[in-house]
Amino acid sequence: MPHANRRLALQTVLVLLALVAPTSRAATSLTGFPKRTGKPIARSAVAADLSGNGDHALVAVAGDRLVAYGTDGQALAGFPISLGSKDQAVGDPAAADMDGDHKAEVAVATASGKVFLISGGAVAPGFPVKLEAGCAAGPSFADVDGDGKPELLVGDKGGRLHALKKTGKPAPGFPLTLGGVLSSSVSVGVLKGDLALAVGTEEGTVHVVDLHGKSLPGFPLAAHFAVAGAPAFGDLDDDGRIDLAVASKDFNLYAVDEDGQKLRGFPVVAGFAIDGA
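Cut-off values and rules
Residues numbered from 1 in each chain as written. Predicted model: local features only at pLDDT ≥ 70, side-chain atom pairs only at ≥ 80, totals over all residues. Heavy atoms only, no water. Helix = DSSP H or I, 4+ residues; strand = E, 2+ residues; numbered from the N terminus. Buried < 20%, exposed > 50% of the residue type's maximum accessible area, 1.4 Å probe, protein only. Contact = heavy atoms within 4.5 Å. Areas by Shrake-Rupley, 256 points an atom, 1.4 Å probe, with all protein chains shown as cover. 1 Å grid on protein atoms, 1.4 Å probe; cavity = no way out; pocket = protein on both sides within 12 Å on 5 of 7 lines; lining within 4 Å. Points joined across faces, edges and corners; volume = space filled by probe spheres on them. Nonpolar A, V, L, I, M, F, W, Y, C, P; charged D, E, K, R; others polar. Pairing = 2+ DSSP bridges.

In this section: the overall build of the protein. When its secondary structure is counted, the protein shows 1 helix and 25 strands. By residue count, 47% of the 277 residues in the protein fall in the buried class. Pairs at least 24 apart in sequence give 42% of the contacts found in the protein among residues at least 6 apart. Working note: accessible area of the protein is about 13500 Å², and carbon and sulfur atoms make up 54% of it.

This is the structure we're talking about:
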C-alpha cells in the first residue's frame, strides 16, 4: 500500500464492505457499513466464518486491536481484542479452521514476536506465543505434519520458520533454521510431488525447502533486494508442472520452474518496488 494512502487515515479509518451489483448499477454498501474503527488499518482484512454457521465476518487489525464485524455491521462477541498497547501487528491476519469444527481461527503476528491465535472470540489457550525474535511478516496456515489439520506458519527476524499447533506447541521438527530476516509470509506448494515451503528474506534470498529445512535442488532463489510478498506457486507456462513466482523490492518479478531455472521472459522489470504479494 503506498505511503500516501496510509497517511490518509491518521485518526479514523473506515472499513467498507460492498456488494458487487449488476453492471447497470453501482456497488452498494451493506447495511451497517462503513465502520469507524477509531484506529488506522494499514493492512488487508480477511473474511472468515468464525461461528460455523456459514456467515462470514470481516476481520482486520486496527492499530493495536483486532476487530471483527458481521455482515450486518455488528461487532462480533469478544471483539475488539488487544494485541498490546506497545506492540503492532505485521503483515495481514490469516484465518483457517485448525480443529475441524467448521469455525475459523484467526492468527496475527506482531513486531515484537508475539503470535496470537483467536478462537471463539478469545485468545486461544497456549497463546500468545512469544518467539525468540520479532516478526517482519504475517502468518499463514498449512498442514505440514500430515494430520489433516493446518498448522500456523510464521517466520521471524532470526531466520527461523515456525509451525505451531492449535495448542501453541511447535509441530514436530519445527522451527526450521533458514537464515536471514524472514520478511514474507510462508507459502506452501507441491514441487515434484513433495511439499515445499517458500519464504522471502530482507536480504533478497527466497528459501524453498522441504519439511526438514533442506533446500530443494536449484534453490534458494536470489533477488537483489527484500522480498516482502509471499512467493506464489502455480503452473505459469501450462506445462503441467508447478512453478514459483516472486516479487521483490528490487523492481523485478521473478518466475522459475520446479528446478529453480528461470522461465522464459523472466525476470520482468516492473519499474517500481513491489511490496506485497
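Bringing the layout of surface pockets into the picture now. For the second largest pocket, the calculated volume is near 150 Å³. If you go around the second largest pocket, the residues you meet are Val129, Lys130, Leu131, Glu132, Arg160, His162, Leu164, Gly168, Pro170 and Pro175. Where the lining of the second largest pocket is concerned, the elements lending two or more residues are strand S13 (129-130) and strand S16 (160-164). Considering every element that reaches the lining of the second largest pocket, the biggest residue donor is S16, with 3 residues. Considered class by class, the residues forming the lining of the second largest pocket number 5 nonpolar, 2 polar and 3 charged.

If you trace the 4 strands from one edge of the open sheet to the other, you get S18-S19-S20-S21, paired in antiparallel fashion. Each edge of the sheet is formed by a strand with only one pairing partner; in this case those strands are strand S18 (187-191) and strand S21 (221-222). For S18 and strand S19 (residues 194-200), the ladder comprises 5 bridges, and the chain directions are antiparallel. In the sheet register, valine 190 faces S19, and the bridge partner there is leucine 195.

Summarising the element assignment, glycine 32 is placed in the loop between strand S3 (28-29) and strand S4 (35-36). Note on glycine 32: relative accessible area 33%, which makes it partly exposed. Those residues in contact with glycine 32 that lie beyond four places of it in its chain are Asp72 and Gly73.

In this structure, proline 80 follows phenylalanine 79 across a cis peptide bond, with omega equal to 5 degrees. One non-glycine residue, histidine 102, lies in the positive phi region at around 70 degrees. Here histidine 102 lies in the loop between strand S9 (89-96) and strand S10 (105-110). Within the chain, aspartate 238 stands out as a residue other than glycine whose phi angle is a positive 60 degrees. Within the secondary structure layout, aspartate 238 lies in the loop between strand S22 (232-234) and strand S23 (243-247). Since its relative accessible area comes to 69%, aspartate 238 is described here as exposed.

This next bit is on the pairing of strand S24 (residues 252-256). Most of S24 sits out of view: 4 of its 5 residues are buried. Across 4 bridges, S23 lies against S24 in antiparallel orientation. Looking across to S24, one finds that alanine 247 is bridged to leucine 253. Two successive antiparallel strands, S23 and S24, enclose a turn made up of 4 residues, where phenylalanine 251 displays a positive phi of approximately 80 degrees. Relative to strand S25 (residues 268-269), S24 runs antiparallel, the two sharing 2 bridges. The residue of S25 that forms the bridge with leucine 253 is valine 268.

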